[in-house]
Amino acid sequence: MRGSLFLKIYLTLLASLVVVALAAATLVWLSRGEDDRGWMARRDAFIAAMLPADADIEETRLVLTRLGAALEADITVFAPDDDVVASVGNPVAFPAPGERENIRSGDDRRILSARLPDGRVVVARLGDSAFGPPRARPLLWLALIAAAIGVVAWPVVRRLTGRLERLRRGVETWGDGNLALRVPVEGKDEVAAVAASFNQAARRVEELIIAHRSLLANASHELRSPLARLRMASELHEVAPSEERRHEITRNLAELDGLVEEILLASRLDHVEEIDLGDEVDLLALAAEEGARQGIEVSGDPATVRGDALLLARLVRNLMQNALRHGEPPVHAEIRRDGEGVEIVVRDHGPGIAEAERERVFEPFYRPSGRGEHAGGWGLGLALVRQIARHHGASVRQETPADGGARFVVTFPSTRASMPHHS
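Residues numbered from 1 in each chain as written. Predicted model: local features only at pLDDT ≥ 70, side-chain atom pairs only at ≥ 80, totals over all residues. Heavy atoms only, no water.

**Things to note about the side chain of Arg314**
Then step 1. Take Arg314: it is sitting in helix H7 (residues 309-326).
Then step 2. Residue Arg314 is classed as buried on the basis of its relative accessible area of 10%.
Then step 3. Residues in contact with Arg314, not counting those within four places in the same chain, are Glu261, Glu262, Leu265 and Ile388. (Helix = DSSP H or I, 4+ residues; strand = E, 2+ residues; numbered from the N terminus. Buried < 20%, exposed > 50% of the residue type's maximum accessible area, 1.4 Å probe, protein only. Contact = heavy atoms within 4.5 Å.)

**Focus: the packing of helix H5 (residues 243-271) against H7**
Packed helices, taken two at a time, are described by the angle their axes make and the gap between the axes.
Then step 1. As a packed pair, H5 and H7 sit with axes 13 Å apart at the nearest point and diverge in direction by 125 degrees. Relative to H7, the element H5 lies oblique. The element H5 and its partner H7 pack so that their crossing is left-handed. When H5 is examined against H7, the residues Glu261, Glu262, Leu265, Arg268 and Leu269 are found in contact with a partner set consisting of Leu311, Arg314 and Asn318.
Then step 2. By residue class, the composition of the contact of H5 with H7 is three nonpolar, one polar and four charged. (Axes fitted to C-alpha atoms, helices over the stretch in contact; angles between N-to-C directions. Parallel < 35°, antiparallel > 145°, perpendicular 65-115°, else oblique. Left-handed = near helix turned anticlockwise from the far one by under 90°. Nonpolar A, V, L, I, M, F, W, Y, C, P; charged D, E, K, R; others polar.)

**Details of the packing of H7 against helix H8 (residues 381-391)**
Then step 1. At a minimum axis separation of 9 Å, H7 and H8 run at an interaxial angle of 145 degrees. Between H7 and H8 lies a crossing whose hand is left-handed. Across from Leu311, Leu312, Arg314, Leu315, Asn318, Leu319 and Asn322 in H7, the residues of H8 making contact are Gly381, Leu382, Leu384, Val385, Ile388 and Ala389.

**Regarding the nonpolar core**
Then step 1. Counting 47 residues, the largest nonpolar core has Leu315, Leu319, Ile344, Val410 and Phe412 as its most contacted members.
Then step 2. Put simply, the parts of the chain that give this core at least two residues each are H5, helix H6 (283-294), H7, strand E8 (332-338), strand E9 (341-348), H8 and strand E11 (406-412).
Then step 3. Each of domain 2 (182-271) and domain 3 (280-413) accounts for three or more of the residues forming this core.
Then step 4. If you look at the next biggest cluster of nonpolar residues, it comprises 16 residues, including Leu67, Leu116, Ala124 and Leu126. (Core = buried A, V, L, I, M, F, W, Y, C linked by side-chain atoms within 4.5 Å. Domains from an automatic or database assignment.)

**Points about the packing of aromatic side chains**
Then step 1. According to the stated counting rule, one finds two aromatic pairs in the structure shown.
Then step 2. With a centroid separation of 6.0 Å and an interplanar angle of 80 degrees, the aromatic rings of Phe362 and Phe408 are classed as edge-to-face. Here the residue Phe362 occupies a position in the loop between E9 and H8, and Phe408 occupies one in strand E11, the gap between them amounting to 46 residues. We note that Phe362, like Phe408, is buried.
Then step 3. Taking the ring centre of Phe362 as reference, the NZ or CZ of Arg386 above it sits at 4.2 Å. (Phe/Tyr/Trp six-rings, centres within 6.5 Å; stacked < 30°, edge-to-face > 60°. Lys NZ or Arg CZ within 6 Å of the ring centre and 35° of its normal.)

**Considering H7**
Then step 1. Here H7 contains 18 residues, and its C-alpha end-to-end distance of 26 Å stays within 8% of the 26 Å for a straight helix at 1.5 Å per residue.
Then step 2. Buried within H7 we find Leu311, Leu312, Ala313, Arg314, Leu315, Val316, Asn318, Leu319, Met320, Asn322, Ala323 and His326.
Then step 3. Put simply, Asp308 is the residue that caps the front of H7, since its side-chain oxygen is 3.0 Å from the backbone nitrogen of Leu310. (Expected span 1.5 Å × (residues − 1). Polar contact = N/O pair within 3.5 Å; in protein donor to acceptor, adjacent residues only side chain to side chain.)

**Description of the sheet that holds E11**
Adjacent strands of a sheet pair through backbone hydrogen bonds, lying either parallel or antiparallel.
Then step 1. What the five strands build is an open sheet, ordered E6-E8-E9-E11-E10; its pairing is mixed. Taken across any chain shown, the strands that pair with only one partner, and hence form the sheet edges, are strand E6 (297-300) and strand E10 (395-399). Going across the sheet, the axis of each strand differs from the next one's by a mean of 20 degrees, ignoring polarity.
Then step 2. One ladder, built from five bridges, connects E10 with E11; its direction is antiparallel. Bridge assignment links Gln398 to a residue of E11, and that residue is Phe408.
Then step 3. The strands that H7 touches are E6, E8, E9 and E11; relative to E9, the one it contacts most, it runs at about 25 degrees. (Pairing = 2+ DSSP bridges.)

**Things to note about the pattern of salt bridges**
Any two side chains of opposite charge can pair, so long as their charged atoms come close to each other.
Then step 1. If you walk through the whole model with that rule in mind, you get 20 salt bridges.
Then step 2. When the shortest N-O distance is used, the salt bridge between Arg246 and Glu243 registers 2.3 Å. On the criterion of helical spacing, the pair formed by Arg246 and Glu243 is a turn pair, its members being three residues apart in helix H5.
Then step 3. Between Arg251 and Glu248 there is a salt bridge, and its shortest N-O distance comes to 3.0 Å. Here Glu248 and Arg251 lie together in helix H5, a separation of three residues that amounts to about one turn.
Then step 4. Its relative accessible area of 25% is what places Glu248 among the partly exposed residues.
Then step 5. Salt bridges linked by common partners bring Arg336, Glu343, Arg397, Glu399 and Arg407 together as one network. (Salt bridge = Lys/Arg side-chain N within 4 Å of Asp/Glu carboxyl O.)

**Some words on the confidence of the model for the chain**
Then step 1. When the pLDDT values of the chain are averaged, the result is 77; 80% of them are 70 or greater.
Then step 2. Long-range and interchain partners of residues 99-107, a stretch whose pLDDT sits below 50, account for 12 contacts in this model, where long-range means more than four residues apart.
Then step 3. Here residues 419-423 is a poorly scored stretch, pLDDT under 50, and it has seven contacts once near neighbours within four places are set aside; other chains count. (pLDDT = per-residue confidence, 0-100.)

Put into structure tokens, the structure is as follows:
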């Protein structure tokens, strides 16, 4: 229910204040009983001293007159048998049994009674000035304090729950499809941390969806060429079968199969946070094996890294195929040490890559400037190289050698690489 969190927090605060007020009032009430008993004993001693048993009636009336004037009270003295001994002002009724022990409040506090040592009972109806211990009103004061705290707490709780409400509305709007939405990060507390975490997750989801949309759009474009060639080759093969057309069909099918495989691999690497890096992979042996398939010379020093052997083989293969497809021979691969880490270097002697396009060549299906509509782009090869490198804690960069061409370097940190021990 909208606003329910605000009500829960605010009512919980008020309930806590009520409990504190009741507990404080109870303690005051219990401690006041002892004060009342002490004051009543002193009061009775004072009245007994003012009205001694051996005083005559005239002296007693004189004392009552003075007390009545001083206290603005009606006072009556009763004998032990309930007869009136003396009085001043309007008559006052004899107190009921046990009435003296009652704790009175309001108008009842104006009635004062005391039993003297000789059995007489003095009863007084006091005026506006009460004769007794000060009567603070703890419940009233605590209620005022609770009300003040409640008023002050209202904007504080309202602001807190208002931030949560804005965060909820932002999440709902984002969930409805507005992926560019980011919620405001207000303050530096836990609510702000939740908002920042949501923005980070929303940004990542948006990037993934945009990447997938781009991947699908570019993949559909890249699939058109081999599909069109495959359709034409199959139609021609039906009319005039030949070995050349059969090879063309086989080549186009292999291209389609490789493209689909790369799309699936790129999607899988996008969705997994970590991969199993339990294999001990000899990079020199792996590069030499791939180089033999591609006809590329490989050199360098033996070096072992922990990772996924199949993915690392794909990384080396893509680097070599990219050099063969977009560069010019000779193409050379090298495994070399770089401080505590190890590098895979693949170099060609083609036209190289423009400075402005060094990073963009790692984008899926990036099409460099100056290429025609049907010239084709860079595909997914280098994009997969970067994905695989990141999952292995490595980095990849492109360099332009002084004598031309392009050089791609994958660097594995020291925690991923080691030199093998020789006996």
